[in-house]
Structures are given as structure tokens and as C-alpha cells.
Amino acid sequence: MSHDQLIHAVDILLVEDNPGDVRLTREAMKEARIAVNLNVANDGLEAMKMLRQEAPYGNLPLPDLVLLDLNMPKMDGREVLRQIKFDDRLKHIPVVILTTSAAEKDIAQAYGMHANCYITKPVELEEFMEIVKSIEGFWLTVVKLPRNPSQ
Amino acid sequence: MAPPRQNPALLPWRLVTLFLLLAAGIGAAGYTYFQQQLEHAKRQNENTLNAIAKLKAGQIAEWRRERIAEAKSILAASFMPKAAEQWMLGGLHDDPQRDALLAWMAAPRHARHYSRIFLLDSDGKTMLAFPLGSQPSDSNSRAYALEALRERKIILQDFHSENEQNPPHLDLCIPLIAAHKGKSPVKIGILVMEIDPARFLYPFIQAWPTPSQTGETLLVRRDGDSVQFLNELRHRKETAAMSLRRPLSDTTLPAVRAVLGGEGMVSGKDYRGVEVLAVLRKIPDSPWFLVAKVDRAEVEAPLRERAVMVASVGALLIGLTAIAVILLWRQQQMRFDLARHEFEEDTLHRANTELEARVAERTYDLQAEIELHHITEKVLQESMDELSRSNADLEQFAYIASHDLQEPLRMVASFVQLLARRYHDKLDQDARDFIGYAVEGVTRMQRLISDQLTYALVGIDNSQFEMADCNQVLAEVLANLKPLIEEHHVEISQDVLPSIPLIYSQFGQLLQNLIGNAIKFHDERTPQIHISARPDGDDWLFSVSDNGIGIAPEYFDKIFLIFKRLHSREKYPGTGIGLAICKRIVERHHGRIWVESKLGKGATFYFTIPTTLEGQQPIS
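A few words now on the overall build of chain A. Scanning chain A for helices and strands turns up 6 helices and 5 strands. In sequence order, the secondary structure elements of chain A are arranged as α-β-α-β-α-β-α-β-α-β-α. A total of 151 residues make up chain A; the buried ones form 52% of that total. Sequence-distant contacts, at least 24 apart, represent 67% of the contacts inside chain A between residues at least 6 apart. As displayed, chain A has an accessible area near 7,400 Å², and 54% of this comes from carbon and sulfur atoms.

If you want it as C-alpha cells, here you go:
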């Protein structure tokens, strides 16, 4: 991790309707000891409001990474993905699909809409922890990302 | 039937003669046609040239008459002669009279044809001139004017020019004679109106009424023993008018022929030495002759194109004739060959007749069959529609099962594991065991769901049948199983397998499950597995044999039921879905699967796959 990135915590937006999964993700991050600023949207509509910094999220910074579940009430993850990738202001943000579904159709569709990667949630807690760690390891340290204009 | 008389291949000369005659005919027809076209074009050109020559000659003669008539009208209108008489006989003192005369001379109406107008006295001396101060172009003009006065008649003096530098002109000489009753006529002088041909005559002669690159009209007159070209030449602009003369001996020149009295259409070479077609005409009441001519090349240009076309068409026709003759020849040869086989043909014909009768009979049967088939097809289509609807439902269910049912299970497992992880030190062994059972239960439940799903999806896989090499499928399967094979030191042998139509992924799954089972259910001996295939009627019969623990005969059917297990999970793990899936896959391929075994003596699983694709289209 470069010195530069140590200075400010990374912003991650988790879009997930299941509170259990939210908690699990938080726990995994806690165990991984990664300094992140995790914001949670409980459905697609809320996620889009946060990303577009609409009231009441006017002061929310643009995230460095979006973790996106596919099956959600109101607006599902596919629509959120489509809106992010068709929005000039948002499309640079990497979107990691993190879902229970292993269906070929979902995988093909997600990459077709420019998802940056697709991960099926594993059953084993140990594996899940590893995955969360490696997501952050890869996307937040290995990969060079563009600077967010808002930062 | 008489035997064939002569082999026509030996006698092609008749056909060669026929061909030569036809070719000659085509050539002659082409030539005649072309000649006709040539005549037609010539006549057309002659007509055009004649019309142009006639028109121009008429108009030039008319122009000459107009000039004389103009002179007469000047004399008849009393102003000019009277004013001249008064002014000249009055001793030239009457200035207003002089001014009036000058004004008349300068009248714009004269400018169309006349460049200068002079009033000469009876000695030929210039008394008044327009433009002021000018003099007649040359001494000849004065002589001609005096001649007109002497003769007392209007003279249109022909083209003349004193030297090459002066542009040629014509003079209209009008004698002014005062005639009063009771007195003898008094010669007052001559009105000389100099005609500049460049103003009207030359442009008029040069104009050609139809678009033409070479069309030209020439005005010529005889001058001693030569012909003189009076107007400007279209094709030799640097030569001044009247400067070109040619001897009368040069009779190829249409102009020479014209002045020698020739009329109508002639062909010859013009002043450039170029071949031309020309029409000659004498201009009435004048020494002039008109030559209207056009280059032969221009006339013949379209004809040359026509000639090329006629020649091409002729060549094409001759070529086609040649082909036709060759075909005819070959046909004769074939006829000869046919004749030789006449007897066989006859026999064949009889056989054909018989066959036709049988075909007719069969056709009738077939029509009935087709009708039945249509009805069956309709019923089948309806069932297929129904099936694809329920398949769609099943797919929907499969998706729900794979996602929505998995999620709560994952929650239970994850949090129980988190509990164990975080509070490991605070829990006693019982608590840790309970947690272990909970996690195992959840894990198995998830396995069951996903296996059930796999099983359900085998039936509705939309993949297409394709011709595939079973050896290749097997090689891939063995590669997948490599860790397991190496772990148990399995010996695998195989026959050469066929290529048959199959659903690639399903067939691979089938082999993998059977071989996987064969490895799994081994006893203390080294596992030996043999895969073979042999033709069996319309099918291929495959077998996978092992030397494992074997199966008691009473379970031969039960093992293919879903989730049916013969052994404890501890000893042989698994959900009991593998063979059920195998059965589904084989049935999907329209085959059968069964097992033969003796307990403790290994087992052989057999399955059949049809060799052809017929009836194997997937239901979708």
C-alpha cells in the first residue's frame, strides 16, 4: 500500500438488502484490519441516491469501490449496475458483484453490463472472509484507480 | 431394331459445309445491312447539305436583291437626291443642306451593312464623306462609281480590295441624276455605299444550322483561271478573306467544280486537302457560287461505329452457329451411341413402367400416411408447447432454489461459524460439537438443493446435439478426475470409442459420474476400470467396468433413484444423486442404462446411445 493511500480511509459502498450479509461483510473487514469507510445502501434506489449525492446524501463522497448484490427489492442490482455504467460521472468506479447466484445467465449479463468482477458468496465463513480480504487487497492496493473528481 | 448404320463422328464434313454456308450467309447479310446503312447515311447527309446550300444560296441572293432595292428606295424617296442636287448645284454654300446630308449618311439604319458612305461629284471627287474625312478604300471604287453614273444604273460592285492589307468590301453605287421636265437630265454625282462584309455577310455565311465539327459554307467566284475564296475560312483563320486562290486545273476541289458549273452533291478534297462531301450551288444574279461542305470523316464516324457493331454481331452469330453445329454433331454421336443401346433401353423402359405403377400405388399409401402424420404432429406440437411452458416454470424454480433457498442457509452456517470463531475459547467441547453438527447439516442441505437442481436441469438442458468424438470426451473427463485417479492409483483402460451425436456436457457428466463411482466404491485391491463400446443394432453399447465392491442384485434398480444410498455417508460420502443424473442423461439421449454385478466381484454399468440423430432434437 502506498503512502498516499494510507492518508485517507477508502470509501466503499455496499449495496445489500440482507442485514446478515451486511454484518458479515463488516465483520470480515474488521478481521482484515482494513481502514475503510463503509456505507450501506439497503436497496438499489438508495444506492443511486447516494451515488448521485441526492438529499439526504449531499455530503457523501463518491465511493472508491461498489460491492453490489444482484437480487434486491425495489431496484435490483442489475439496474443499479446499468445506471452506474451509463453515467459518465460514475462509470469509472469499479463495481464488484457479490451475490448468492451462480447462474450462468446472471454472470453473463453482469459482465455484459461492464461489471468489473463477479463473485459468488461462498458458504464457508472462512472462504467468505478470504474473499472480502482479497477484494480489498486487489481493488484497493494492487489496482491503480483514477482519482475521484470529488476528492 | 436395325443396328446403327454409320458412326457420324467419321462424317463431320456435312456439318462443316453447313457451317460454312451459314457463316457465309451471316457475312453477306451483315455486309448488305452495312451497305444499306451507308447509303441511308449518305442520302441523309446529302439531304442536309442540299437543304443548307439551298437555304444559304437563296438568302444570299435575297440579300443582294435587298441591296439593289434599298438603292432604288433611296432614289425614290426624294430627300437624298434632292438635297444632293441643291447643295452641289448651289455651289456648296448651303451649310444646313450639307449638315442634313451628313445626318442622313450617319443615320444608324445604315450601320448594319455599310461602313462608309461617300457623295462623289460627276468627276468622281469626294464631296462629302461619312465618317468625316474618309476616302473610298481604293481607286477601283471611284472607277466603278463613275461607271454607274455613265451607265445611269445602280451597280452592286463585287468584292474587291486594292491590296491584301485592306479588308475586302463591296460597293453599292447609286447614280444621282437630276431630271426636270423640259430639261435634259443633269448628272449630279454618285452616292457610294461601301459594304463591309464582316458586318453581316461573313457571319451569315459561316453560320451552320446544325451542330457540326467540320460543316462550312464557302462563297467563291471565278477569277481568271483560278477560283477565289471570298469569305473567311472556318478551318484556316489566319488566311484573310479573298486571299486564297486555287487554279481551275485542281478539279478535286469542290470550289473549282462549282465555278466550272458543277451543281449538286460532289465529293473531293477541300482547300486543306481533306476528303469532304459538298453540295454546289450558283447564286442567281451574281458571279458567286456557294459550296456547302462537311468532312467525310464526320459523316462516316457513326458509320464506323455501326460497322464495328455489325462486325461484332456477325462474329457472335458465327460463333453461336459454330457452337450449335458442334452440339448438333455431338447429338448425332449420342444418338449413335443410344442406338447401340436400344435393346437395353427397351428393357429399362419396361422396368420403368412397372416401377411407375408401383410408385403410384405407394404414393396413395403415403398420402394417407401424411395425413395421419399431420394430425399426430398437431397433437405433438400442443404437447410440446405445454412442455416448454412447464420447462420455463421449472427454470424459474431452479433459479429460486439456487439463490433464494441458499441464502438463509448460508446465513445460518456463516453466523454459527462466526460464533465458533469468535467465542472459541469461551465454549466447551459440547458447544463446539453442536456447532459442528449445525454447520454440517446446513452444508448438506445446500448440497442436496444443488444436486436436486442439477438433476432437474438435466431434463431441460437446451443444448443442441452435436457429433462428438467420445474418445475426446473421455480424455477430458479423465483429466478432470486426475487427482482422484492419482490418489487411488487407479488403472484405467479403454477401447476405441465412436463418434456419435450427443449433448457434449451431459455425456461428459455421465462418464465422469460412472468412472467417479467406480473409483469411489473400491475395496482394498488396486482399482481397475475399463471403458468400452461396441455397436448393438441401431445403438452403441457402452460399458464401464470396475473391480470394486459390487452391488447386490436386489439393488440394481434402486441405485438409479434420486438420493438413494446403499452405504453410510461416513464410509462413502455423497448425496446419492450421481446415478440418478446418469439415468436422466441416458434417457435424454434416448438410451437405456443398467448394471450387472456380483457382490464383491466388481460392477459393470451399461448404457446405450443411438447411432443417429433421428428423434434426438432437444425439447425447448
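On we go.
When you go through chain B residue by residue, the secondary structure sums to 13 helices and 18 strands. Taking all 620 residues of chain B together, the buried fraction comes to 39%. If you take every contact in chain B between residues at least 6 apart in sequence, the share linking residues at least 24 apart comes to 62%.

This brings us to the confidence of the model for chain B. Residue and element names in this part refer to chain B. Looking at chain B as a whole, its pLDDT mean stands at 84, while 95% of the residues score no less than 70. Across residues 616-620, where pLDDT falls below 50, the model places 17 contacts with residues more than four positions away in sequence or in other chains. Reported confidence for the predicted complex is 0.74 by ipTM and 0.42 by pTM.

All right, on to the packing of helix H12 (residues 504-520) of chain B against helix H13 (residues 578-588) of chain B then. Residues and elements named next belong to chain B. At a minimum axis separation of 9 Å, H12 and H13 run at an interaxial angle of 145°. Of the two possible hands of crossing, H12 and H13 adopt the one that is left-handed. Of the residues in H13, those touching H12 at Gln506, Phe507, Gln509, Leu510, Asn513, Leu514 and Asn517 are Gly578, Leu579, Ile581, Cys582, Ile585, Val586 and Arg588. Broken down by class, the residue content of the contact of H12 with H13 amounts to 8 nonpolar, 5 polar and 1 charged.

Attention now goes to the confidence of the model for chain A. Do not read the predicted coordinates in detail wherever pLDDT is low. All names here are of chain A. Chain-level statistics for chain A give a pLDDT mean of 85 and a share of 91% at 70 or above. Of all helices and strands in chain A, the one with the weakest mean pLDDT is helix H1 (residues 3-7) (46), whereas strand E3 (residues 65-68) scores best (94). Ignoring residues within four places in sequence, the model shows residues 1-7, a span with pLDDT below 50, making 4 contacts including any to other chains.

Two pairing modes exist for strands in a sheet, parallel and antiparallel, and in both the strands are linked by backbone hydrogen bonds. All names here are of chain A. Pairing within the open sheet is parallel, and its 5 strands lie in the order E2-E1-E3-E4-E5. For this open sheet the edge positions go to strand E2 (36-41) and strand E5 (117-120), each flanked by a neighbour on one side alone. Neighbour-to-neighbour, the strand axes of the sheet open up by a mean angle of 20°, direction not taken into account. The pairing of E3 with strand E4 (residues 95-99) spans 3 bridges and is classified as parallel. Note on E4: the bridge partner recorded for leucine 68 is isoleucine 97. In this fold helix H2 (residues 19-32) packs onto strand E1 (10-15), E2 and E3, with an angle of close to 175° to the strand it touches most, E2. On the sheet, helix H3 (residues 44-51) packs against E1, E2 and E3 and is oriented at approximately 130° with respect to E2.

Bringing a nonpolar patch on the surface into the picture now. Residues and elements named next belong to chain B. Side chains of Tyr33, Met309, Val313, Leu316, Leu317, Leu320, Ile323 and Leu327 sit close together on the surface and give an oily, nonpolar patch of about 750 Å² of accessible area. Per-element tally for the nonpolar patch: the top contributor is helix H7 (residues 296-340), with 7 residues. Checked against the element boundaries, leucine 316 lands in helix H7.

Take the interface of chain B and chain A next. Residue-level contacts link 15 residues of chain B with 21 residues of chain A. Between aspartate 21 of chain A and arginine 410 of chain B there is a salt bridge whose closest N-O contact spans 3.0 Å. Across the contact surface, chain B and chain A share 8 residue pairs in polar contact (both at pLDDT 80 or more). For the side of chain B that touches chain A, the class distribution of residues is 5 nonpolar, 6 polar and 4 charged.

Let us now look at the pattern of salt bridges. Counted under the stated rule, the structure contains 35 salt bridges over all chains. With a shortest N-O distance of 2.7 Å, glutamate 27 of chain A and arginine 23 of chain A are connected by a salt bridge. With glutamate 27 of chain A and arginine 23 of chain A both in helix H2 and 4 residues apart, the pair spans about one turn of that helix. Two residues, arginine 421 of chain B and glutamate 31 of chain A, come together in a salt bridge whose shortest N-O distance is 2.7 Å. In this pair, arginine 421 of chain B sits in helix H8 (residues 342-422) while glutamate 31 of chain A sits in helix H2, so the two residues belong to two different chains. Judged by relative accessible area, glutamate 31 of chain A falls into the partly exposed class, the value being 27%.

Residue alanine 55 of chain A is joined to proline 56 of chain A through a cis peptide bond whose omega torsion reads 5°. A cis amide bond links phenylalanine 130 of chain B to the next residue, proline 131 of chain B, at an omega of 0°. As for its placement among the helices and strands, proline 131 of chain B is situated in the loop between strand E2 (126-130) and helix H4 (139-151). Even without being glycine, glutamine 53 of chain A reaches a positive phi, approximately 55°. Residue position: glutamine 53 of chain A is located in the loop between H3 and E3.

Moving on, we get to the environment of phenylalanine 34 of chain B. All names here are of chain B. One can find phenylalanine 34 in helix H1 (residues 13-76). Separated by 270 residues in the primary sequence, phenylalanine 34 and arginine 304 place their C-alpha atoms 9.9 Å from one another. With residues up to four places along the chain from it excluded, the contact list for phenylalanine 34 reads Leu303, Arg306 and Ala307.

Let us look at the packing of helix H9 (residues 429-459) of chain B against H13 of chain B. Residue and element names in this part refer to chain B. With their axes 9 Å apart at the nearest point, H9 and H13 run at an angle of 10° to one another. As the angle between them shows, H9 and H13 are arranged roughly parallel. For the pair H9 and H13, contact is made by Thr454, Tyr455, Ala456, Val458 and Gly459 and by Ala580, Ile581, Arg584, Ile585 and Arg588, respectively.

All names here are of chain B. If you walk through the whole model with that rule in mind, you get 11 aromatic pairs over all chains. A network of ring pairs unites the aromatic residues Phe159, Tyr202 and Trp288 as a single cluster. One Lys or Arg, lysine 56, reaches over the ring of phenylalanine 204 and ends 5.7 Å from the middle of that ring. The ring of tyrosine 455 carries arginine 584 above its face, with NZ or CZ at 4.5 Å from the centroid.

This part is about the pairing of strand E18 (residues 603-610) of chain B. Residue and element names in this part refer to chain B. Judged by how many residues are buried, E18 sits mostly within the fold: 8 of 8 residues are covered. Burial along E18 is two-sided: the residues Ala603, Phe605, Phe607 and Ile609 and Thr604, Tyr606, Thr608 and Pro610 are all buried. As paired strands, strand E16 (residues 539-546) and E18 are joined by 7 bridges and run antiparallel to one another. Its bridge partner lying in E18, phenylalanine 542 is registered against phenylalanine 607. For strand E17 (residues 593-597) and E18, the ladder comprises 5 bridges, and the chain directions are antiparallel. The residue bridging glutamate 596 from the neighbouring strand is threonine 604, located in E18. Two successive antiparallel strands, E17 and E18, enclose a turn made up of 5 residues, where glycine 600 displays a positive phi of approximately 85°.

Cut-offs applied
Residues numbered from 1 in each chain as written. Chains lettered and ligands numbered in written order. Predicted model: local features only at pLDDT ≥ 70, side-chain atom pairs only at ≥ 80, totals over all residues. Heavy atoms only, no water. Helix = DSSP H or I, 4+ residues; strand = E, 2+ residues; numbered from the N terminus. Buried < 20%, exposed > 50% of the residue type's maximum accessible area, 1.4 Å probe, protein only. Contact = heavy atoms within 4.5 Å. Areas by Shrake-Rupley, 256 points an atom, 1.4 Å probe, with all protein chains shown as cover. pLDDT = per-residue confidence, 0-100. Axes fitted to C-alpha atoms, helices over the stretch in contact; angles between N-to-C directions. Left-handed = near helix turned anticlockwise from the far one by under 90°. Nonpolar A, V, L, I, M, F, W, Y, C, P; charged D, E, K, R; others polar. Pairing = 2+ DSSP bridges. Patch = residues over 30% accessible without salt bridge, like charges linked within 9 Å, V, L, I, M, F, W, Y side chains within 5 Å. Salt bridge = Lys/Arg side-chain N within 4 Å of Asp/Glu carboxyl O. Polar contact = N/O pair within 3.5 Å; in protein donor to acceptor, adjacent residues only side chain to side chain. Parallel < 35°, antiparallel > 145°, perpendicular 65-115°, else oblique. Phe/Tyr/Trp six-rings, centres within 6.5 Å; stacked < 30°, edge-to-face > 60°. Lys NZ or Arg CZ within 6 Å of the ring centre and 35° of its normal.

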